[in-house]
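# Descriptive structure summary
This is what each chain is made of:
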There are 2 protein chains.
Amino acid sequence: MNLENINIQFGNILRKTREARGLTQEKFASLCDISRAYYGRIERGEHSVTLDLCKKISDVLGISLAELFSDLP
Amino acid sequence: MNLENINIQFGNILRKTREARGLTQEKFASLCDISRAYYGRIERGEHSVTLDLCKKISDVLGISLAELFSDLP
């Protein structure tokens, strides 16, 4: 798994975290002030998120950046 | 401090980590395969790094992404 592209790994973690909280992509994207299409690309690992957006995502989830990345190599 | 822009906070942590290892901006930028000018903008918080580059930086430092962000909110 850790040989896989970091963006794909991050997208998989994001999807699991979002689904665990019962949020749709639409709802989560709006909470992060981004479009659902853009959010979908992030979850599929097609886009490398910026630190700014990572911070917005971790704030929406109520966790720290370190916690957001805790399962990444 | 945590009200400050996340990019500035990250840049400050990066500079401290780099200096603690006795690396110049020039040397560290070359290890990360980016220009010194671009690296300087990152350290000054003028640019929001992507997850791809964060992973390259953490690999160069020999630490995990979570460790790289451990001092960020």
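Residues numbered from 1 in each chain as written. Chains lettered and ligands numbered in written order. Predicted model: local features only at pLDDT ≥ 70, side-chain atom pairs only at ≥ 80, totals over all residues. Heavy atoms only, no water.

### Quick look at the nonpolar core
Ranked by internal contacts, the top residues of the largest apolar core, which has 42 residues, are Phe10(A), Phe69(A), Phe10(B) and Phe69(B). Apart from the residues lying within four places of it in its own chain, the contact partners of Phe69(B) are Leu51(A), Leu65(A), Ala66(A), Phe69(A), Phe10(B) and Cys54(B). (Core = buried A, V, L, I, M, F, W, Y, C linked by side-chain atoms within 4.5 Å. Buried < 20%, exposed > 50% of the residue type's maximum accessible area, 1.4 Å probe, protein only. Contact = heavy atoms within 4.5 Å.)

### A closer look at the interface of chain A and chain B
Taken residue by residue, the interface counts 16 residues in chain A and 16 residues in chain B. For the pair chain A and chain B, the summed buried surface comes to about 1,500 Å²; carbon and sulfur atoms form 69% of the total. The three residues of chain A that bury the most area against chain B are Ile6(A), Leu51(A) and Phe69(A), which together make up 35% of that side's buried surface. At the boundary of chain A and chain B, one finds zero salt bridges. At the junction of chain A with chain B, the criterion picks out 12 residue pairs in polar contact (both at pLDDT 80 or more). Looking at the side of chain A that touches chain B, the elements that each hand over two or more residues are helix 1 (6–20), helix 4 (51–61) and helix 5 (65–68) of chain A. (Buried area = accessible area lost by both parts, 1.4 Å probe. Salt bridge = Lys/Arg side-chain N within 4 Å of Asp/Glu carboxyl O. Polar contact = N/O pair within 3.5 Å; in protein donor to acceptor, adjacent residues only side chain to side chain. Helix = DSSP H or I, 4+ residues; strand = E, 2+ residues; numbered from the N terminus.)

### Considering the UniProt feature "domain: HTH cro/C1-type" (unreviewed entry) in chain A
In the numbering used here, UniProt assigns the "domain: HTH cro/C1-type" (unreviewed entry) feature to residues 14–68 of chain A. The straight-line gap between the two end C-alpha atoms of residues 14–68 of chain A is 8 Å; of that span, 67% is helix and 0% is strand. (UniProt positions renumbered as here; feature names shortened; annotations may be inferred.)

### Remarks on the relation of the copies chain A and chain B
With an axial shift of 0.0 Å and an RMSD of 0.0 Å, the rotation relating chain A to chain B amounts to 180°. Viewed as a symmetry operation, the transformation between the two copies matches a two-fold axis. Most of the interface of chain A is mirrored in chain B, where 100% of its interface residues again form contacts. (Least-squares fit on C-alpha atoms with pLDDT ≥ 70 in both.)

### Side note on the environment of Leu53(A)
Residue and element names in this part refer to chain A. Mapped onto the secondary structure, Leu-53 falls in helix 4. A relative accessible area of 7% places Leu-53 in the buried class. Distance from Leu-53 to Cys-32, taken between C-alpha atoms, is 7.9 Å for residues 21 residues apart in sequence. Leu-53 has contacts with Cys-32, Ile-34, Tyr-38 and Ile-42, leaving out every residue within four places of it along the chain.

### What about the state of the cysteines?
For the coordinates displayed, the defined rule picks out zero disulfides over all chains. Take Cys32(A): it sits in no disulfide, and the sulfur closest to it among the cysteines is that of Cys54(A), at 10 Å. In this structure Cys54(B) is not part of a disulfide, and its nearest cysteine sulfur, from Cys54(A), lies 6.9 Å away. Residue classification places Cys54(B) among the buried residues on the basis of a relative accessible area of 2%. (Disulfide = S-S within 2.5 Å.)

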